[in-house]
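Working through the structure, step by step
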Amino acid sequence: MINFDEFMKIDLRVAKVINAEDIPEADKLIKVTVDLGNEERTIFAGIKGFYNPEELIGKNIVVVANLEPRKMRFGVSEGMLLAAGDDDEGVFLISPDEGSSAGQKVR
């Protein structure tokens, strides 16, 4: 369990997917570029097999914006997108309702 103050440290933001690319050498990763309202970031997401990169472009999603960047084989991942599900039943991106915009804080 974490306490409320620890939970409040997590910065969840609405992000608009502005580009998504397949990584042929990766089994599970898609390279996703998101707009956070005031900056663009690259996130490597393990959603290949559940989403085609083309269908992600233009979609609003929820990301963890204050996650420490992580160096990966294909580049640096600068956040994490949120999804529900598992490899057996499917993976489903967490998306805000219409009207949300890039950079808005999720609360």
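About the cut-offs
- Residues numbered from 1 in each chain as written.
- Predicted model: local features only at pLDDT ≥ 70, side-chain atom pairs only at ≥ 80, totals over all residues.
- Heavy atoms only, no water.
- Helix = DSSP H or I, 4+ residues; strand = E, 2+ residues; numbered from the N terminus.
- Buried < 20%, exposed > 50% of the residue type's maximum accessible area, 1.4 Å probe, protein only.
- Contact = heavy atoms within 4.5 Å.
- Pairing = 2+ DSSP bridges.

Within the chain one finds 2 helices and 9 strands. Secondary structure elements of the chain occur, N-terminal to C-terminal, as α-β-β-β-α-β-β-β-β-β-β. Seen along its three principal axes, the alpha-carbon backbone of the chain occupies a region of about 40 × 30 × 30 Å. Out of the 107 residues in the chain, the part that is buried amounts to 36%. Looking at the chain alone, contacts between residues at least 24 apart form 56% of all its contacts between residues at least 6 apart.

With respect to topology, 5 strands assemble into an open sheet ordered S3-S2-S1-S4-S7, the strand pairing being antiparallel. Of all the strands in the sheet, the pair left with one neighbour each is strand S3 (40–45) and strand S7 (80–81). By the bridge criterion, 6 bridges tie strand S2 (residues 30–35) to S3 in an arrangement that is antiparallel. Across the sheet, the residue bridging to Val34 is Arg41, located in S3.

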